[in-house]
Amino acid sequence: MWRAWNLPKTKLTFKVLFNLILWGLWIGLPLLSPVHQTHENEHPHAHVNPEFSEHIWLELLTVVPLFYIITLILVPHVFKRFGVFVFFVSLFGVIALFFGIQAFYHLYFLPFDDHKGFFDPQGIFPLIMISGIASTYGLLLEFINFEAEKEERSNEQLKSELSFLRSQISPHFIFNILNSIVYLIRTKADKQAEDVTIRLSSLMRYMLYDSDQSMVPLDRELEYLRNYVDLQRMRFEGDVAIEFEMMGTVRGCKIEPMLLIPFVENAVKHGVSFVKDPFIAIKFSIDQGQLIFHVKNKKGKIKDDFKDDSSGIGLKNVLRRLELLYPDQHKITIRDTDDEFEVDLQMTLHQN
């Protein structure tokens, strides 16, 4: 939100409008409703409004310069660099300076106006009022700058973290795919090996080119999953029952790339070894931008104690990516029992 306020065009528009409204009201209102004064001496230009002409000159000599000194010098430089105490000392000093200029103007340039003494106490109130307005205006601009920079730093950190997570997922998944494909190329006929290579090429193309985008069409992500599931079916030759079901319309829906595959890859990796009658179920349901994603696999009674250091990277990363990219827009439930591992994910998709 603050970045939008800090855009050069928006910021310039706000400044111009604020200054036009401020000085239009400050200088123009006395013309519409002047506070008449009684002069003991005759005004040298009787045909003009003496109160308004005096008002204009006083504003040009005192109030207007005071406003811009505060907003352009005291707030952005003195306040930010030296703190509140020095800022207020400087502010009082500047107000005193312009109060003196105001008194000098009354004494030497308005001989027809009889003021009591060198200093007119009433003249201090406009200076204090404009100082309050200028300080508030300047601090508001600084606050917008600060929040915009803070939001930009947060976004940069978010991008860096997401980039790091993606950089971990991609090679991790490639290693699993290559391990899966070795058996297929060694044991299948030439035609089947060619089909496997084509599907692997499609997977690699998606990972290299589409996964760098912030969002991809949902049908591309699902096509990627289908190719992966087909490769696993060919690898296990029917020894592992893999179901892949989809209901609903995916047109117009977008999703973060490589967001769903870690759940499927985890089911294949841990739902086959030491499992009697292995079974993996993958189901999608899309309804008006709401995705329900379900993955379930059987688990073996014998635990695999020889896990590599990368085990679990995919799931940890995808859970973190969901937190970063879909805050308050997803709900995930993971059930891990002795016999089954099950994931239910509900999330709101981006739509065109």
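Asks: Just give me the short version of the packing of aromatic side chains, but keep the residues and values in it.
Replies: Aromatic rings considered in pairs are described by the distance between their centres and by the relative angle of their planes. Taken as a whole and judged by the stated rule, the model has 13 aromatic pairs. Each ring, one from phenylalanine 67 and one from tyrosine 68, has its centre 5.0 Å from the other, and the planes form 90°; the classification is edge-to-face. Following the ring pairs from residue to residue traces out a cluster consisting of Phe14, Phe18, Trp23, Phe67, Tyr68 and Tyr137.

Asks: Lay out helix α8 (residues 261-270) in plain terms, naming residues and giving numbers.
Replies: With 8 of 10 residues buried, α8 is to be regarded as a mostly interior element. Residues of α8 that are buried include every one of Ile261, Pro262, Phe263, Val264, Glu265, Asn266, Ala267 and Val268, and no others.

Asks: Can you tell me about the packing of helix α7 (residues 218-236) against α8, naming the residues and giving the values?
Replies: One way to put it is that α7 packs onto α8 with a least axis distance of 11 Å and a crossing angle of 10°. One finds that α7 runs roughly parallel with respect to α8. From α7, Glu221, Tyr224, Leu225, Tyr228, Val229, Gln232 and Phe236 reach across to α8, where they touch Ile261, Val264, Glu265 and Val268.

Asks: Account for the sheet that holds strand β1 (residues 216-217), naming residues and giving values.
Replies: Across a sheet, strands are paired by hydrogen bonds formed along the backbone, either parallel or antiparallel in direction. Spatially, the 3 strands line up as an open sheet ordered β1-β3-β8, and their pairing is antiparallel. With one partner strand each, in any of the chains shown, β1 and β8 (350-351) form the two edges of the open sheet. Note: β1 against strand β3 (residues 253-255), 2 bridges, orientation antiparallel. By the bridge assignment, valine 216 is partnered in β3 with isoleucine 255.

Asks: So, the environment of leucine 259: which residues are in play, and what are the values?
Replies: Summarising the element assignment, leucine 259 is placed in the loop between β3 and α8. Under the relative-accessibility criterion, leucine 259 is labelled buried at 1%. Distance in space between the C-alpha atoms of leucine 259 and leucine 315 is 9.9 Å, their sequence separation being 56 residues. Apart from the residues within four sequence positions on either side, leucine 259 is in contact with Glu221, Val318, Arg321, Leu322, Tyr326 and Met347.

Parameters and conventions
- Residues numbered from 1 in each chain as written.
- Predicted model: local features only at pLDDT ≥ 70, side-chain atom pairs only at ≥ 80, totals over all residues.
- Heavy atoms only, no water.
- Phe/Tyr/Trp six-rings, centres within 6.5 Å; stacked < 30°, edge-to-face > 60°.
- Buried < 20%, exposed > 50% of the residue type's maximum accessible area, 1.4 Å probe, protein only.
- Helix = DSSP H or I, 4+ residues; strand = E, 2+ residues; numbered from the N terminus.
- Axes fitted to C-alpha atoms, helices over the stretch in contact; angles between N-to-C directions.
- Parallel < 35°, antiparallel > 145°, perpendicular 65-115°, else oblique.
- Contact = heavy atoms within 4.5 Å.
- Pairing = 2+ DSSP bridges.

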